[in-house]
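Coordinate analysis (summary)
As a plain string of letters, each chain reads:
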Amino acid sequence: STPPAMFDPNGSSAREAHTTAAIIGVDALQNHAVLFDTKGGRVVFAKAAGQLAELKGAAIVPFELDNGIPRIDAEIEGVPAKLRIDTGAAIGDGPNLFVNITDPFYRKVLAKDPALTPYTHFTASGTGGEMKIAVVKGKRARFGNATVEAPRYIVQPPVGYFARGDAVGFLGSYAFNRWPAFVLDYPKRRLILLGPQL
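Note that the coordinates shown come from a computational prediction; the quantities given were computed from them, not determined experimentally.

1. Brief notes about the pairing of strand S10 (residues 140–143)
- Covered by surrounding structure in S10 are Ala141 and Phe143 only, the residues Arg140 and Arg142 on the alternate face being uncovered.
- Sheet analysis places S10 next to strand S11 (residues 146–149), joined by four bridges and oriented antiparallel. Within the sheet, the bridge partner assigned to Arg142 lies in S11 and is Thr147.

2. Quick word on the pattern of salt bridges
- Overall, the coordinates contain ten salt bridges when judged by the stated rule.
- Across the pair Arg84 and Asp66 runs a salt bridge whose closest N-O atoms are separated by 3.1 Å. Of this pair, Arg84 sits in strand S6 (residues 79–86) while Asp66 sits in strand S4 (residues 59–66), and the two are 18 residues apart along the sequence.
- Through salt bridges with shared partners, one network takes in Glu64, Asp66, Arg71 and Arg84.

3. Structural notes on the nonpolar core
- Among the nonpolar cores identified, the biggest contains 39 residues, and Ile72, Ile76, Leu83, Val99, Phe143 and Leu191 are the most heavily contacted of them.
- No other element matches S6, which puts four residues into this core.
- Residues within four places of Val99 in sequence aside, it is in contact with Ile76, Leu83, Phe143, Arg152, Tyr153, Ile154, Phe170 and Leu171.
- Grouped together as the second largest cluster of nonpolar side chains are eleven residues, Ala46, Leu52, Ala181 and Leu194 included.

4. Some thoughts on the confidence of the model for the chain
- Mean pLDDT over the chain stands at 86; residues scoring 70 or higher make up 85%.
- A low-confidence stretch, residues 5–15 stays under pLDDT 50, and its non-local contacts, those more than four residues away or across chains, total 20 contacts.

5. Examining the side chain of Arg190
- Within the element layout of this structure, Arg190 appears in strand S15 (residues 190–194).
- Side chain to side chain, Arg190 and Asp185 meet in a polar contact 2.7 Å long.
- Discounting chain neighbours no more than four positions away, the residues touching Arg190 are Ala49, Leu55, Ile60, Val61, Pro62, Phe63, Val183, Leu184 and Asp185.

6. Looking at the layout of surface pockets
- Counted as a void, the second largest pocket has a volume near 240 Å³.
- Mapped onto the lining of the second largest pocket, the elements with two or more residues apiece are S6, strand S7 (98–102) and helix H2 (103–112).
- Taken together, the residues of the lining of the second largest pocket sort by class into eleven nonpolar, three polar and three charged.

Reading the values: the criteria
- Residues numbered from 1 in each chain as written.
- Predicted model: local features only at pLDDT ≥ 70, side-chain atom pairs only at ≥ 80, totals over all residues.
- Heavy atoms only, no water.
- Buried < 20%, exposed > 50% of the residue type's maximum accessible area, 1.4 Å probe, protein only.
- Helix = DSSP H or I, 4+ residues; strand = E, 2+ residues; numbered from the N terminus.
- Pairing = 2+ DSSP bridges.
- Salt bridge = Lys/Arg side-chain N within 4 Å of Asp/Glu carboxyl O.
- Core = buried A, V, L, I, M, F, W, Y, C linked by side-chain atoms within 4.5 Å.
- Contact = heavy atoms within 4.5 Å.
- pLDDT = per-residue confidence, 0-100.
- Polar contact = N/O pair within 3.5 Å; in protein donor to acceptor, adjacent residues only side chain to side chain.
- 1 Å grid on protein atoms, 1.4 Å probe; cavity = no way out; pocket = protein on both sides within 12 Å on 5 of 7 lines; lining within 4 Å.
- Points joined across faces, edges and corners; volume = space filled by probe spheres on them.
- Nonpolar A, V, L, I, M, F, W, Y, C, P; charged D, E, K, R; others polar.

The structure is reproduced here in structure tokens:
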């Protein structure tokens, strides 16, 4: 069989003197399983997930494509959620697992548990100026059969995509930093969380 293709993604992390030449989308990935080795700092492509890693004991979460973007069913504080997976979104290294949720979804979570109020804010800037984005320390989130304790929720203000009524939250690659690696298996439409949580 053909060995998997590999590249070092560090050049895309906006370090000084590095530039991003392109973004690889679902049109190029749709026939591949893609390993994101968060601890090893590499991305590996193969025809099948089994070529990338041992799958025994992995948490497997089915996904569907939402305009070409993987989307999973999840549970945030006991409230069912649909979350896109955006491997290009990054916050940085750290022990916290962040989940981006819409403001209307956060209102549902807050109605269920009024104690889930923001503990800090992130500052973002863009063409509309600067804004503060609430960050909430949660108790529990579930992705398939994987349970995550003490996630952090970034409450996206209703701006741009998040102003749309059909907007859903998303998981950046940083949302999986408690696992040594994960696979997006496009041919079988599944997210595979490899190894025990760290």
